[in-house]
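# Commentary on secondary and tertiary structure
Residue strings, one per chain:
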Amino acid sequence: MRAELRRSESELPFLVAQLSLLSGDGASPMDHATDERGQNAPERLLYGNLVSSPHLLRNLQGRRGVYFMFPDVGVRQRGRFQLKVSLM
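Residues numbered from 1 in each chain as written. Predicted model: local features only at pLDDT ≥ 70, side-chain atom pairs only at ≥ 80, totals over all residues. Heavy atoms only, no water.

## Some words on the environment of Asp31
For Asp31, the position within the fold is in the loop between strand E1 (17-23) and strand E2 (32-34). Residue class for Asp31 comes out partly exposed when judged on its relative accessible area of 34%. Taking the C-alpha atoms as reference, Asp31 lies 6.2 Å from Leu21; in sequence the two are 10 residues apart. Contacts of Asp31, omitting those with residues within four sequence positions, involve Leu21, Arg44 and Leu45. (Helix = DSSP H or I, 4+ residues; strand = E, 2+ residues; numbered from the N terminus. Buried < 20%, exposed > 50% of the residue type's maximum accessible area, 1.4 Å probe, protein only. Contact = heavy atoms within 4.5 Å.)

## Re the packing of aromatic side chains
Taken as a whole and assessed by the stated rule, the structure comprises zero aromatic pairs. Lying across the ring of Tyr47, Arg76 places its NZ or CZ 4.4 Å from the centre. (Phe/Tyr/Trp six-rings, centres within 6.5 Å; stacked < 30°, edge-to-face > 60°. Lys NZ or Arg CZ within 6 Å of the ring centre and 35° of its normal.)

The following block contains the structure:
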């Protein structure tokens, strides 16, 4: 177990998680807002720091785990959306 944890910790610097916004049903990307005519507006719907590196933290039960934090992410429009997390 310890050797496996040490090996996985050595791979952590190479991991990154990225957020993207999808429609409520998850079928289509919602990268940009649309105006009244249905045209793409210049500002993005999802804003903030959309990329996170891994953090080794403890959960509420005291067990160590790898977590990705996105403390300042927001959506500019009211609606129903899904967040997609891509781990690379």
